[in-house]
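Spelled out, the chains give:
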Amino acid sequence: MKLNKNEVINNLLNKNLKIIQRPDYFNFSLDSLLISNFVSLTRGTKKILDLGTGNGAIPLFLSQRTNAKISGIEIQEISADLAKRNVELNNLQEQINIIHDDMKNWKEHFDFGSQDIVITNPPFFKFHGNENQLNNLDQLTLARHEITIDLEQLIEVSSKLLKDKGYFAMVHRPDRFLEIIDAMRKYGITPKKVQFCHSKVDKPAKILLIEGIRNGKNSLTILPPFISHDSDGKYSKKVLDLFQDLEVEKD
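Predicted, not measured: the structure shown is a model, and the values here were computed from it.

Some remarks on the overall build of the protein
Then, number 1: Helix and strand content of the protein: seven helices and 13 strands.
Then, number 2: Here the protein, with 251 residues, has 49% of them falling under the buried criterion.
Then, number 3: Relative to all contacts within the protein whose residues are 6 or more apart in sequence, the contacts with residues 24 or more apart total 69%.

Regarding the nonpolar core
Then, number 1: Counting residues in each nonpolar core, the largest one holds 34 residues, and the members touching the most others are L34, I35, I48, L62, I119 and L209.
Then, number 2: Elements with a contribution of two residues or more to this core: α1 (30-38), α2 (57-63), α3 (77-89), β5 (96-100), β6 (115-120), β9 (162-172), β11 (205-214) and α7 (237-244).
Then, number 3: The residues contacting I35, other than those within four sequence positions of it, are I58, I119, T120, A169, M170, V171 and L209.

Regarding the pairing of strand β3 (residues 47-51)
Then, number 1: A large share of β3 lies buried, amounting to four of its five residues.
Then, number 2: Where β3 and strand β4 (residues 69-74) come together, five bridges link them in parallel fashion. Its bridge partner lying in β4, L49 is registered against S71.
Then, number 3: For the crossover that starts at β3, traverses α2 and ends in the parallel β4, the hand is right-handed.
Then, number 4: Pairing between β3 and β6: four bridges, direction parallel.

Quick notes on the pattern of salt bridges
Then, number 1: The final tally for this structure, using the stated rule, is eight salt bridges.
Then, number 2: In this structure, D116 and K163 form a salt bridge, with 3.3 Å as the shortest nitrogen-oxygen distance. One end of the pair, D116, is in strand β6; the other, K163, is in strand β9, with 47 residues separating them in the sequence.
Then, number 3: Note that R173 is salt-bridged to D175, the shortest N-O span being 3.2 Å.
Then, number 4: For R173, a relative accessible area of 27% translates into the label partly exposed.

A few points about the packing of α1 against α7
Then, number 1: Running from N to C, α1 and α7 cross one another at 75 degrees; their axes reach a closest spacing of 11 Å. Regarding the angle of α1 to α7, the classification is roughly perpendicular. Contact residues: L30, L33, L34 and N37 in α1; V239, L242 and F243 in α7.
Then, number 2: Of the residues assigned to the contact of α1 with α7, the class counts are six nonpolar, one polar and no charged.

Overview of the packing of helix α5 (residues 151-161) against helix α6 (residues 177-186)
Then, number 1: Contact geometry for α5 and α6: axes closest at 9 Å, N-to-C directions at 35 degrees. In the crossing of α5 with α6, the sense of the turn from one axis to the other is right-handed. Along the contact surface, α5 presents L151, E152 and I155, while α6 presents E179, I180, A183, M184 and K186.
Then, number 2: Split by residue class, the contact of α5 with α6 holds five nonpolar, no polar and three charged.

Quick look at the packing of aromatic side chains
Here a ring pair, both rings aromatic, is described through the centre-centre distance and the interplanar angle of the planes.
Then, number 1: As enumerated under the stated definition, the model contains one aromatic pair in all.
Then, number 2: Judged by centre distance (5.5 Å) and plane angle (80 degrees), the rings of F177 and F196 are edge-to-face. Linking F177 in helix α6 with F196 in strand β10 (residues 189-198), this pair joins segments that are 19 residues apart in sequence.
Then, number 3: Residue F177 is classed as buried on the basis of its relative accessible area of 18%.
Then, number 4: Positioned above the aromatic ring of F38 is the side chain of K193, whose terminal nitrogen or guanidinium carbon lies 4.3 Å from the ring centre.

Observations concerning the environment of N6
Then, number 1: Note that N6 resides in the segment before β1 (8-11).
Then, number 2: A relative accessible area of 42% means that N6 is categorised as partly exposed.
Then, number 3: Residues N6 and P23 lie 17 residues apart in sequence; the distance between their C-alpha atoms is 7.1 Å.

Observations regarding the side chain of T53
Then, number 1: The topology assignment puts T53 in the loop between β3 and α2.
Then, number 2: Take T53: its relative accessible area is 5%, and that puts it in the buried class.
Then, number 3: When sequence neighbours within four positions are dropped, the list of residues in contact with T53 reads P59, G72, I73, E74, A83 and I98.

Reading the values: rules and limits
Residues numbered from 1 in each chain as written. Predicted model: local features only at pLDDT ≥ 70, side-chain atom pairs only at ≥ 80, totals over all residues. Heavy atoms only, no water. Helix = DSSP H or I, 4+ residues; strand = E, 2+ residues; numbered from the N terminus. Buried < 20%, exposed > 50% of the residue type's maximum accessible area, 1.4 Å probe, protein only. Contact = heavy atoms within 4.5 Å. Core = buried A, V, L, I, M, F, W, Y, C linked by side-chain atoms within 4.5 Å. Pairing = 2+ DSSP bridges. Right-handed = clockwise from strand over helix to strand, strands pointing away. Salt bridge = Lys/Arg side-chain N within 4 Å of Asp/Glu carboxyl O. Axes fitted to C-alpha atoms, helices over the stretch in contact; angles between N-to-C directions. Parallel < 35°, antiparallel > 145°, perpendicular 65-115°, else oblique. Nonpolar A, V, L, I, M, F, W, Y, C, P; charged D, E, K, R; others polar. Left-handed = near helix turned anticlockwise from the far one by under 90°. Phe/Tyr/Trp six-rings, centres within 6.5 Å; stacked < 30°, edge-to-face > 60°. Lys NZ or Arg CZ within 6 Å of the ring centre and 35° of its normal.

Rendered as structure tokens:
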């Protein structure tokens, strides 16, 4: 496959998956791998939607766990193009569909209550600038800040897309935990599973993984903390195991 300027092809996991990336755009990180392994998949899962898919890393990861049809929607044109070409690069066109659009336009692409799972690695930070700055923001700022959609709007959209008893899964920052819980409950998604991820065993949590069920029963499991690095700064065995092989639910 011919690459454009500034593009590189990297391996994804220790499998045959590859991914095209650009250093000037938001690239996949450990966050995407963690949420892809965290979300509950079953053999009954038929449709999955990744909101804000970026270059398509989460759909690629999920394709190793499930035979379900996976869609990704991305507002930035270049990122959406990267995602489409990453699907083609890995010959996954029959399983993964990438849509270039604002996720708030979901009604143009999906029916209400049509998804078994909605998953997202959204922008983590609130935007404190003003409207006059929007046209001058770079792509990384757009990917990291709540400019085109905020946290509550994203959860509201997710709730409308989910089937009854469908699963919602998100990776975010621990300092927004209570805000996330409030929004999930407001829009009928019952928090069911939470895990805090720490860079080292003696450091505060840096990543929050959370899963809920639309119209689920009230019960919440707090999983043991996930430690991403050993004391010497190298990836922990848990992370290396994830890179080696995701928890597989495929037939």
